[in-house]
Amino acid sequence: NAGVTQTPKFQVLKTGQSMTLQCAQDMNHNSMYWYRQDPGMGLRLIYYSASEGTTDKGEVPNGYNVSRLNKREFSLRLESAAPSQTSVYFCASGPTGSQEKLFFGSGTQLSVL
Amino acid sequence: DAKTTQPPSMDCAEGRAANLPCNHSTISGNEYVYWYRQIHSQGPQYIIHGLKNNETNEMASLIITEDRKSSTLILPHATLRDTAVYYCIVRVAGVDRGSTLGRLYFGRGTQLTVWP
């Protein structure tokens, strides 16, 4: 019962470096999401994918790209990391029409120096 | 989506009921009330949701006032493991809502501390 798995758990980057955060779910969910959480704040939606082959921007998409590789996997890429992207990133998934019952991964702590 | 107001923090003794209030005075007729919680350094966890009737599951009970302008999440016998930030979210539910799908606004929630 893995649920939503994110890798890596921790990452330190230098400004300008690139990296990809990986997310996979084993619950056969159609929808997948990437959120970021900054200290003392709630979660903000970066990108989401309502189904395999589709992606759409959320509230804070600038500086990020995503790929819905297949139904299980949804990756988040930082092409040129900036200190403002220091945050905790959460991936989530949910079945279509689930009335917002989302399942979250354990998060990736990213620091950009 | 309607906004919610929650107290920033609450305390509760272990074994007692924890009652977490949420105000959503601008809620629309088709908006559900959802509760999630986030234990330190973990991803948010779904707890319960409801439209207008009171709901109960293995984790908690949700009491929604008759005018639906406020609700209370009840943890009947709080344990130390219930210490977390609790988020009350009001959201239209449904299939294929286009660009609003998944846009849960978590706000800052209520930090519940359960003490021994």
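Please read these numbers as outputs of a predicted model, since none were measured by experiment. (Residues numbered from 1 in each chain as written. Chains lettered and ligands numbered in written order. Predicted model: local features only at pLDDT ≥ 70, side-chain atom pairs only at ≥ 80, totals over all residues. Heavy atoms only, no water.)

Caption draft 1: The environment of Thr5 of chain B, seen in detail. All names here are of chain B. On the secondary structure map, Thr5 appears in the segment before strand 1 (9–13). Separated by 99 residues in the primary sequence, Thr5 and Leu104 have C-alpha atoms spaced 15 Å apart. Excluding its chain neighbours within four sequence positions, the residues that come into contact with Thr5 are Pro21, Cys22 and Asn23. (Helix = DSSP H or I, 4+ residues; strand = E, 2+ residues; numbered from the N terminus. Contact = heavy atoms within 4.5 Å.)

Caption draft 2: Layout of unusual backbone geometry. Here Thr7 of chain A and Pro8 of chain A are connected by a cis peptide whose omega angle stands at -5°. Among the structural elements, Pro8 of chain A can be located in the loop between strand 1 (4–7) and strand 2 (10–13). Phi at Asn28 of chain A is positive, roughly 60°, even though this residue is not glycine. Within the secondary structure, Asn28 of chain A sits in the loop between strand 3 (19–25) and strand 4 (31–37). On the accessibility criterion, Asn28 of chain A (58% relative accessible area) is exposed. Despite not being glycine, Ser41 of chain B shows a phi value in the positive range, around 70°. Topologically, Ser41 of chain B is positioned in the loop between strand 3 (31–38) and strand 4 (45–50). (Buried < 20%, exposed > 50% of the residue type's maximum accessible area, 1.4 Å probe, protein only.)

Caption draft 3: Spatial organisation of the side chain of His24 of chain B. All names here are of chain B. Within the secondary structure, His24 is located in the loop between strand 2 (18–23) and strand 3. At 2.8 Å, the side chain of His24 and the backbone oxygen of Arg68 are in polar contact. Those residues within four positions of His24 in sequence are excluded, and the remaining contacts are Lys3, Thr4, Val33, Arg68, Lys69, Ser70, Ser71, Cys88 and Val90. (Polar contact = N/O pair within 3.5 Å; in protein donor to acceptor, adjacent residues only side chain to side chain.)

Caption draft 4: Up close: the sheet that holds strand 7 (residues 70–75) of chain B. Residue and element names in this part refer to chain B. Across the sheet, which stays open at both edges, the four strands sit in the order 2-7-6-5 with antiparallel pairing between neighbours. Bordering the open sheet on either side are strand 2 and strand 5 (55–56), each of which pairs with just one other strand. Bridging between strand 5 and strand 6 (residues 61–64) involves two bridges; their strand directions are antiparallel. From the neighbouring strand, Glu55 faces strand 6, where its bridge partner is Leu62. (Pairing = 2+ DSSP bridges.)

Caption draft 5: Representation of the pairing of strand 6 of chain B within the structure. Residues and elements named next belong to chain B. Between the end of strand 5 and the start of strand 6, which pair antiparallel, lie four residues. Where strand 6 meets strand 7, four bridges bridge the pair, whose relative direction is antiparallel. Its bridge partner being in strand 7, Ser61 is matched across the sheet by Ile74. Taken together, strand 6 and the strand that follows it, strand 7, pair antiparallel across an intervening segment of five residues, in which Arg68 is found at a positive phi of about 65°.

Caption draft 6: Geometry of the sheet that holds strand 7 (residues 65–68) of chain A. All names here are of chain A. Reading across the sheet, the four strands line up as 1-3-8-7 and stay open at both edges, with antiparallel pairing between neighbours. Edge positions in the sheet fall to strand 1 and strand 7, since each of these pairs with one other strand and no more. Each strand axis lies, on average, 15° off the axis of its neighbour in the sheet, ignoring direction. Relative to strand 8 (residues 74–78), strand 7 runs antiparallel, the two being bridged by four bridges. The partner of Asn65 across the bridge, within strand 8, is Arg77. (Axes fitted to C-alpha atoms, helices over the stretch in contact; angles between N-to-C directions.)

Caption draft 7: Examining the packing of aromatic side chains more closely. The full count for this structure, using the stated rule, is seven aromatic pairs over all chains. Aromatic pair Tyr33 of chain A and Tyr48 of chain A: ring centres 6.4 Å apart, planes at 25°, arrangement stacked. With Tyr33 of chain A in strand 4 and Tyr48 of chain A in strand 5 (residues 43–49), this residue pair connects regions lying 15 residues apart in the sequence. Judged by relative accessible area, which is 3%, Tyr33 of chain A ranks as buried. With relative accessibility at 1%, the residue Tyr48 of chain A sits in the buried group. Ring geometry for Phe104 of chain A and Tyr36 of chain B: centres 6.2 Å apart, planes at 85°, overall edge-to-face. Of this pair, Phe104 of chain A sits in strand 10 (residues 103–104) while Tyr36 of chain B sits in strand 3, on two different chains. Taking the relative accessible area as the measure of exposure, Tyr36 of chain B reaches 0% and is therefore buried. Here a set of aromatic residues connected by ring pairs shows up, and it is made of Tyr33, Tyr35, Tyr48 and Phe104 of chain A together with Tyr36 and Tyr46 of chain B. (Phe/Tyr/Trp six-rings, centres within 6.5 Å; stacked < 30°, edge-to-face > 60°.)

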